Amino acid sequence: MTRPRISARISAISESATLAVDAKAKAMKAAGRPVIGFGAGEPDFPTPGYIVEAAVEACRNPRFHKYTPAGGLPELKQAIADKTLRDSGYRIEAAQVLVTNGGKQAVYEAFATLLDPGDEVLVVAPYWTTYPEAIKLAGGVQVDVVTDETTGYLASVEQLEAARTDRTKVLLFVSPSNPTGAVYSPEQVEAIGRWAAEHDLWVVTDEIYEHLTYGDASFVSIATAVPELGDRVVVLNGVAKTYAMTGWRVGWLIGPKDVVKAATNLQSHATSNVSNVAQAAALAAVAGDLSAVAEMREAFDRRRRTMVRMLNEIPGVLCPEPKGAFYAYPSVKELLGRDFGGRRPQTSAELAELILEEAEVALVPGEAFGTPGYFRLSYALGDEDLVEGVSRVAKFLTQAR
Ligand SMILES: Cc1ncc(COP(=O)(O)O)c(C=O)c1O
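Residues numbered from 1 in each chain as written. Predicted model: local features only at pLDDT ≥ 70, side-chain atom pairs only at ≥ 80, totals over all residues. Heavy atoms only, no water.

### Description of the overall build of the chain
For step 1, the next point in the chain: The helix and strand inventory of the chain stands at 14 helices and twelve strands.
For step 2, the next point in the chain: Computed over C-alpha atoms, the radius of gyration of the chain comes to 21 Å, within 12% of the 21 Å expected from 2.2 N^0.38 for 401 residues, which places it in the range of a compact globule.
For step 3, the next point in the chain: Judged by the C-alpha coordinates and their principal axes, the chain covers about 60 × 60 × 55 Å.
For step 4, the next point in the chain: The buried share of the chain, taken over its 401 residues, is 56%.
For step 5, the next point in the chain: Counted over contacts in the chain with a minimum sequence separation of 6, partners at least 24 positions apart contribute 74%.
For step 6, the next point in the chain: With the model as given, the accessible surface of the chain reaches about 17,100 Å², and the carbon-plus-sulfur share is 53%. (Helix = DSSP H or I, 4+ residues; strand = E, 2+ residues; numbered from the N terminus. Rg over C-alpha atoms; globule rule 2.2 N^0.38 Å. Buried < 20%, exposed > 50% of the residue type's maximum accessible area, 1.4 Å probe, protein only. Contact = heavy atoms within 4.5 Å. Areas by Shrake-Rupley, 256 points an atom, 1.4 Å probe, with all protein chains shown as cover.)

Rendered as structure tokens:
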């Protein structure tokens, strides 16, 4: 019998659709084509200078040339505990923090630590592409709670309750959301948290966009809003989005001590400590103030308003107002099956491909986020490119017959 070269578990992992679109757009650009990319999920700002300086200094410190504790530098764990109290009013000890290789590793380790095969996780769709793979790898079963533009992509307690079974162990809660930019109001956060507590569910809450909310929307941590959840909360976070530090790869997981200890054991065999230089940079970031993110937020807010207005002016495109993160998630369902100069794309993936070829604009189709019929556009790019890119999309889409 010939055995498969790649294990079934790993063959089942799909390529990250967002990174794939980004790679294709970059390849076209490298070939000299003037592609504008709305695919990337990262701020277009440089990492603030004082953070970079802390890393430079760390490079010269012999202590950082050696292994450090697998779960993170003690001073960084304490700074994360302090920052969590400052930003979300959530009081934790340093022993409840695990420093990870970006928020992504925190996502993976949270599910690997909490799930046994067959345990169900409620996931609100549209969802970020990494969650399904992390849940699947842990042997968990994802149960989708599908939302759409009519509710601004917000799930209700009734919808969650309809999806709950006696195998449900975890609710994944993400606000502000990637890919929709949806932000739950404090009342909605409380109602959902209380429902989860009532049914003894664990809540894994991804708070990586906590500082990017706009207008009257504001972030509240479900961990503080609903003390009844007790210790069944795992918070995921990181420096990537708040401090324009996507490449530094520092995130963290906060949870009860037994969960953190178990996840640290996993990490100690998989990757050990996160690069000490990156941890020193993260320490400067979280111990510092929030002025850099305040500046970015102002630029994002301006771009957000421009993008949403321009998108809604395109016939057949419907874009609810995103209240957080840096993504717009318009529906293009009305345009599917229409004629674009002899081509009739039937899916948002086909339409995105056509737009990339013909208008030289990269968008991520909703297929990547569990809801075909939509596009995700990041507005974390320069104002001029943003206007030029959406204008090209508008010009292309208005030829629909
Ligand atoms: C919702 C969400 N969580 C977590 C992450 C992880 O970010 P990183 O691994 O770069 O820290 C991202 C990045 O795109 C995200 O959008």
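Structure's up, so let's keep going.
### A word on the site of the ligand
For step 1, the next point in the chain: Around the ligand, the neighbouring residues are Gly 102, Gly 103, Lys 104, Trp 128, Tyr 131, Asn 178, Asp 206, Ile 208, Tyr 209, Ala 240, Lys 241 and Arg 249.
For step 2, the next point in the chain: Within the side chain of Asn 178, an N or O atom sits 2.7 Å from an oxygen atom of the ligand.
For step 3, the next point in the chain: With respect to the ligand, the side chain of Asp 206 contributes an N or O atom lying 2.6 Å from a nitrogen atom.
For step 4, the next point in the chain: In isolation the ligand offers 390 Å² of accessible surface; the protein chains occlude 93% of this area.
For step 5, the next point in the chain: Each residue belonging to the shell around the ligand can be placed in one class, and the counts come to five nonpolar, three polar and four charged. (Near = heavy atom within 4 Å. Polar contact = N/O pair within 3.5 Å; in protein donor to acceptor, adjacent residues only side chain to side chain. Nonpolar A, V, L, I, M, F, W, Y, C, P; charged D, E, K, R; others polar.)

### Focus on the domain arrangement of the chain
For step 1, the next point in the chain: By domain assignment, the chain separates into domain 1 (8–46 + 292–397) and domain 2 (49–288).
For step 2, the next point in the chain: With centres defined by C-alpha atoms, the gap from domain 1 to domain 2 works out at 26 Å.
For step 3, the next point in the chain: Listed per partner, the contact involves 39 residues of domain 1 and 34 residues of domain 2.
For step 4, the next point in the chain: Buried area between domain 1 and domain 2, summed over both chains or domains, comes out near 2,800 Å², and the portion from carbon and sulfur atoms is 61%.
For step 5, the next point in the chain: Considering only the surface of domain 1 that becomes buried against domain 2, Lys 323, Ala 325 and Phe 369 emerge as the three largest contributors, covering 19% of it.
For step 6, the next point in the chain: Seen at the junction of domain 1 and domain 2, the total is one salt bridge.
For step 7, the next point in the chain: Across the pair Glu 149 and Lys 333 runs a salt bridge whose closest N-O atoms are separated by 3.2 Å.
For step 8, the next point in the chain: For the pair domain 1 and domain 2, the number of links is 16 residue pairs in polar contact (both at pLDDT 80 or more).
For step 9, the next point in the chain: Secondary-structure elements contributing two or more residues to the side of domain 1 that touches domain 2 are α1 (8–11), α2 (17–30), α12 (291–312) and β9 (327–328).
For step 10, the next point in the chain: It is α12 that provides the largest number of residues to the side of domain 1 that touches domain 2, a total of six residues.
For step 11, the next point in the chain: Class assignment of the residues belonging to the side of domain 1 that touches domain 2 gives a composition of 23 nonpolar, eight polar and eight charged. (Domains from an automatic or database assignment. Buried area = accessible area lost by both parts, 1.4 Å probe. Salt bridge = Lys/Arg side-chain N within 4 Å of Asp/Glu carboxyl O.)

### Notes on the UniProt feature "domain: Aminotransferase class I/classII large" (unreviewed entry) in the chain
For step 1, the next point in the chain: Taking the numbering used here, the UniProt-annotated feature "domain: Aminotransferase class I/classII large" (unreviewed entry) corresponds to residues 34–388.
For step 2, the next point in the chain: Each end of residues 34–388 is marked by a C-alpha atom, and these two atoms are 11 Å apart; helix forms 38% of the span and strand 14%. (UniProt positions renumbered as here; feature names shortened; annotations may be inferred.)

### Details of helix α4 (residues 74–88)
For step 1, the next point in the chain: For α4, built from 15 residues, the straight-helix expectation of 21 Å at 1.5 Å per residue is met to within 8% by its first-to-last C-alpha distance of 21 Å.
For step 2, the next point in the chain: Looking at α4, one finds that the buried residues are Leu 76, Lys 77, Ala 79, Ile 80, Ala 81, Lys 83, Thr 84, Asp 87 and Ser 88.
For step 3, the next point in the chain: Among the structural elements, β2 (97–100), α9 (222–225), β7 (233–238), β8 (251–254) and α11 (276–287) are those in contact with the buried residues of α4. (Expected span 1.5 Å × (residues − 1).)

### Details of helix α6 (residues 130–137)
For step 1, the next point in the chain: Summarising burial for α6: six of the eight residues are buried, a large majority.
For step 2, the next point in the chain: Of the positions making up α6, those classed as buried are Thr 130, Tyr 131, Pro 132, Glu 133, Ala 134 and Ile 135.
For step 3, the next point in the chain: Buried residues in α6 make contact with α5 (102–114), β3 (120–125), β4 (141–146), β5 (168–174) and β6 (202–206).

### Quick look at the packing of helix α13 (residues 348–358) against helix α14 (residues 383–397)
For step 1, the next point in the chain: In contact at an axis separation of 11 Å, α13 and α14 are set at 110° when each is read in the N-to-C sense. Here α14 runs roughly perpendicular to α13, going by the angle between their axes. The way α13 lies across α14 gives a crossing that is right-handed. Contact with α13, carried on its side by Leu 351, Leu 354, Ile 355 and Glu 358, involves Val 393, Phe 396 and Leu 397 of α14 and no other residues of that element.
For step 2, the next point in the chain: Of the residues contributing to the contact of α13 with α14, the split by class is six nonpolar, no polar and one charged. (Axes fitted to C-alpha atoms, helices over the stretch in contact; angles between N-to-C directions. Parallel < 35°, antiparallel > 145°, perpendicular 65-115°, else oblique. Left-handed = near helix turned anticlockwise from the far one by under 90°.)

### Examining the packing of aromatic side chains
For step 1, the next point in the chain: Following the criterion strictly, the structure yields 13 aromatic pairs and no others.
For step 2, the next point in the chain: Between the aromatic rings of Phe 45 and Phe 300, the centroid separation amounts to 5.7 Å while the plane-to-plane angle is 70°, which identifies the pairing as edge-to-face. Within this pair, whereas Phe 45 is found in the loop between β1 (36–37) and α3 (49–59), its partner Phe 300 is found in helix α12, the two being separated by 255 residues in sequence.
For step 3, the next point in the chain: Residue classification places Phe 45 among the partly exposed positions, given a relative accessible area of 28%.
For step 4, the next point in the chain: Their ring planes at 0° and their centres at 5.3 Å tell us that Phe 340 and Phe 396 sit as a pair that is stacked. Separated by 56 residues along the polypeptide, Phe 340 in the loop between β9 and α13 and Phe 396 in helix α14 bring together distant segments of the chain.
For step 5, the next point in the chain: Classification of Phe 340 by relative accessible area gives buried; the value is 3%. (Phe/Tyr/Trp six-rings, centres within 6.5 Å; stacked < 30°, edge-to-face > 60°.)

### Considering the sheet that holds β5
For step 1, the next point in the chain: Strand order across the open sheet formed by seven strands is β2-β8-β7-β6-β5-β3-β4, with mixed pairing between neighbours. With one partner strand each, in any of the chains shown, β2 and β4 form the two edges of the open sheet. Within the sheet, the average angular offset between the axes of one strand and its neighbour, ignoring direction, is 20°.
For step 2, the next point in the chain: Running at roughly 165° to β5, helix α8 (residues 186–198) makes contact with β3, β5 and β6 of the sheet. (Pairing = 2+ DSSP bridges.)

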